[in-house]
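Read off the chains here:
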Amino acid sequence: MSYEIEKFDPEIFEAIEKELTRQNDHLEMIASENFTLPAVMEAMGSVLTNKYAEGYPGKRYYGGCENADKVEQIAIDRVCKLFDCKFANVQPHSGSQANGAVYAALLKPYDKILGMDLSHGGHLTHGSKPSFSGKNYQSFTYGVELDGRINYDKVMEIAKTVQPKIIVCGASAYAREIDFKKFREIADEVGAILFADVAHIAGLVVAGEHMSPFPYADVVTTTTHKTLAGPRGGAIMTNDEDIAKKINSAIFPGLQGGPLVHVIAAKAVGFKHNLSPEWKEYAKNVKANASKLAEVLVARGYDVVSGGTDNHLVLVSFLNKEFSGKDADAALGAAGITVNKNTVPGETRSPFVTSGIRIGSPALTSRGMGVKEFEWIANKIADVLDNINDSALHAKIKEEVKELASNFIIYDKPIY
Ligand code: DSN
């Protein structure tokens, strides 16, 4: 098969081909990554990329939007069905844009945000100081205890002191179920809006494998590419018509211009995948695989934060080790296993070094790997960590990893 891009731009084509090889040969265990369907990629590469469609279905600022209208309405209807909610905006270009729109819609500059501390597993856009969310608003944080869990009584105390306008719940590195009902009680106690960012757990939520943020949250955001395994992008959902109107204005014309109609089409295809009967099976497997990973790492003597996992990720702490998260990330990378360094509760090292790693199961589960493979992988991870400076062993494991990966090839060509 030959591609236009191969002739027109061989430099870029070569990088794309090499990325295909990397994705096939390595074990992708970054908790926020996944492998999307070829059908999703086909929608992203379609002629819809040529269309301007500012506005919303039936209310556009440009002509010729009849197909864009159809695509966007299908995406909206499907995501509302998935989350069992009334209103959705599928235009956010990313999760950060979605979160920015929530604040722009519901807050005034310098209003108070209460979100989870970045170093405890929160996200930059939950009020972190280097992010717009920590610059344009007064931001305050809650965190986890040394056992790696949120203490909801403490969050209540902080909320009573801070009196935030909005409480953000949801995390990027938290292995335990988030209790949205408890967050609702806290929000009600202080008269705050409850905003749930379910980007990491959305694929589990829509399968009934994690508590839903509805009916508790006033507004919910997600990305579409993490556990949902769709195209890279964001979405915002609510049951409140007034909030929905404000969100729509905040996205366009507030923050964004023309929607990415090709990506919205790809989101619709992804949502169809999430609505299929096999999705529930996938979500169950994601959890079972992450649990096996945690179980083996604990048995091999590693300090798994909170002792295990309720979702798709495992956080491992090296606070009691000589080596750092950065060292572990590099050693595992040399063995063909891709993870990311991550801060852990009680962190003593800098965010660039860290004392932990975050390991996720969604991508390899999409490749068809099950608990048998995860048990093998977890043992290889422990072998690497037990021998952090043994580069010959890392190279040997890399070959074994390649062998395993070759039995679970997900894409047979670089472009769909
Ligand atoms: N970068 C994502 C993650 O890795 O969790 C969050 O946006």
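Residues numbered from 1 in each chain as written. Predicted model: local features only at pLDDT ≥ 70, side-chain atom pairs only at ≥ 80, totals over all residues. Heavy atoms only, no water.

Student: Please clarify how the overall build of the chain should be interpreted in this entry.
Tutor: Within the chain, the regular secondary structure consists of 16 helices and 15 strands. The globule rule puts the C-alpha radius of gyration for 416 residues at 22 Å, and the 21 Å found for the chain is close to it. Based on the C-alpha atoms only, the size of the chain along its principal axes is roughly 60 × 60 × 35 Å. Across the 416 residues of the chain, 55% fall into the buried class. (Helix = DSSP H or I, 4+ residues; strand = E, 2+ residues; numbered from the N terminus. Rg over C-alpha atoms; globule rule 2.2 N^0.38 Å. Buried < 20%, exposed > 50% of the residue type's maximum accessible area, 1.4 Å probe, protein only.)

Student: Help me understand the sheet that holds strand S5 (residues 112-116), please; the structure alone is not making it clear to me.
Tutor: Hydrogen bonds along the backbone pair up the strands of a sheet, which may run parallel or antiparallel. Strand order in the open sheet formed by seven strands is S4-S10-S9-S8-S7-S5-S6, and the pairing between neighbours is mixed. The sheet is open, and its two edges are formed by strand S4 (87-89) and strand S6 (138-142), each paired on a single side. Taken over all neighbouring pairs, the strand axes of this sheet differ in orientation by 20 degrees on average, direction set aside. Note: strand S9 (residues 219-223) against strand S10 (residues 234-238), five bridges, orientation antiparallel. If you follow Thr221 over to S10, its bridge partner there is Ile236. Seen against the sheet, helix H8 (residues 180-190) touches S6, strand S7 (166-169) and strand S8 (193-197) and runs at an angle of roughly 170 degrees to S7. (Pairing = 2+ DSSP bridges. Axes fitted to C-alpha atoms, helices over the stretch in contact; angles between N-to-C directions. Contact = heavy atoms within 4.5 Å.)

Student: Explain the environment of Tyr416 here, please?
Tutor: In this fold, Tyr416 is placed in the segment after helix H16 (391-406). As a C-alpha pair, Tyr416 and Ser249 span 167 residues in sequence and 34 Å in three-dimensional space. In this structure, Tyr416 is in contact with Pro38, Met41, Glu42 and Tyr411, ignoring residues within four places of it in sequence. Here the side chain of Tyr416 touches Asp412 through a polar contact of 2.9 Å, side chain to side chain. (Polar contact = N/O pair within 3.5 Å; in protein donor to acceptor, adjacent residues only side chain to side chain.)

Student: I tried to follow unusual backbone geometry on my own but got confused; where do I start?
Tutor: Glycine aside, the phi torsion of most residues is negative, and most peptide linkages are trans. A cis amide bond links Phe214 with the next residue in sequence, Pro215, at an omega value of 10 degrees. Locating Pro215 in the fold gives a position in the loop between helix H9 (202-205) and S9. In the segment running from Phe252 into Pro253, the intervening peptide bond is cis, with an omega of 10 degrees. By the element assignment, Pro253 lies in helix H10 (residues 241-255). We note that Asp84 has phi near 55 degrees; this positive angle belongs to a residue other than glycine.

Student: Whenever I open this one, the packing of helix H12 (residues 277-299) against helix H15 (residues 371-386) confuses me. Can you help?
Tutor: When two helices pack together, their arrangement is given by the angle between their axes and by how far apart the axes lie. One way to put it is that H12 packs onto H15 with a least axis distance of 8 Å and a crossing angle of 35 degrees. For the pair H12 and H15, the crossing hand works out as right-handed. Contacts from Ala288, Asn289, Lys292, Leu293, Val296 and Leu297 of H12 reach H15 at Val371, Phe374, Glu375, Ala378, Asn379, Ile381 and Ala382. Of the residues that constitute the contact of H12 with H15, the class distribution is nine nonpolar, two polar and two charged. (Left-handed = near helix turned anticlockwise from the far one by under 90°. Nonpolar A, V, L, I, M, F, W, Y, C, P; charged D, E, K, R; others polar.)

Student: Explain the sheet that holds strand S14 (residues 340-342) here, please?
Tutor: Taken in spatial order, the four strands line up as S11-S12-S15-S14 in an open sheet, and their pairing is antiparallel. For this open sheet the edge positions go to strand S11 (303-304) and S14, each flanked by a neighbour on one side alone. For strand S12 (residues 313-317) and strand S15 (residues 356-360), the ladder comprises five bridges, and the chain directions are antiparallel. Bridging across to S15, Val314 finds its partner in Ile359. In this fold H12 packs onto S11, S12 and S15, with an angle of close to 20 degrees to the strand it touches most, S12.

Student: Before we go on, may I ask you to explain the site of the ligand in this structure?
Tutor: Near the ligand you find Ser32, His123, Ser172, His200, Lys226 and Arg358, and these make up its full shell. In the model, an oxygen atom of the ligand is placed 2.7 Å from a nitrogen or oxygen of the His200 side chain. Here an oxygen atom of the ligand sits 2.8 Å away from a polar atom, N or O, in the side chain of Arg358. A total of 230 Å² of accessible area belongs to the ligand in isolation, and the protein chains cover 64% of it. Within the shell around the ligand, the residues separate by chemical class into no nonpolar, four polar and two charged. (Near = heavy atom within 4 Å. Areas by Shrake-Rupley, 256 points an atom, 1.4 Å probe, with all protein chains shown as cover.)

Student: Even after reading the chapter, I still don't get the pattern of salt bridges, so can you show me in this structure?
Tutor: Side-chain pairs of opposite charge can arise whenever the charged atoms involved come near each other. This structure, assessed with the given rule, holds 22 salt bridges. Measuring nitrogen to oxygen at the nearest pair gives 2.8 Å for the salt bridge that ties Glu14 to Lys18. Taken as a pair, Glu14 and Lys18 lie in helix H2 (residues 10-25) at a separation of four residues, close to a single helical turn. With relative accessibility at 54%, the residue Lys18 sits in the exposed group. Its salt-bridge partner being Glu373, residue Lys372 comes within 3.8 Å of it at the nearest N-O pair. Residue classification places Lys372 among the exposed positions, given a relative accessible area of 67%. Taken together, the salt bridges that share partners define one network made up of Glu19, Arg22 and Glu28. (Salt bridge = Lys/Arg side-chain N within 4 Å of Asp/Glu carboxyl O.)

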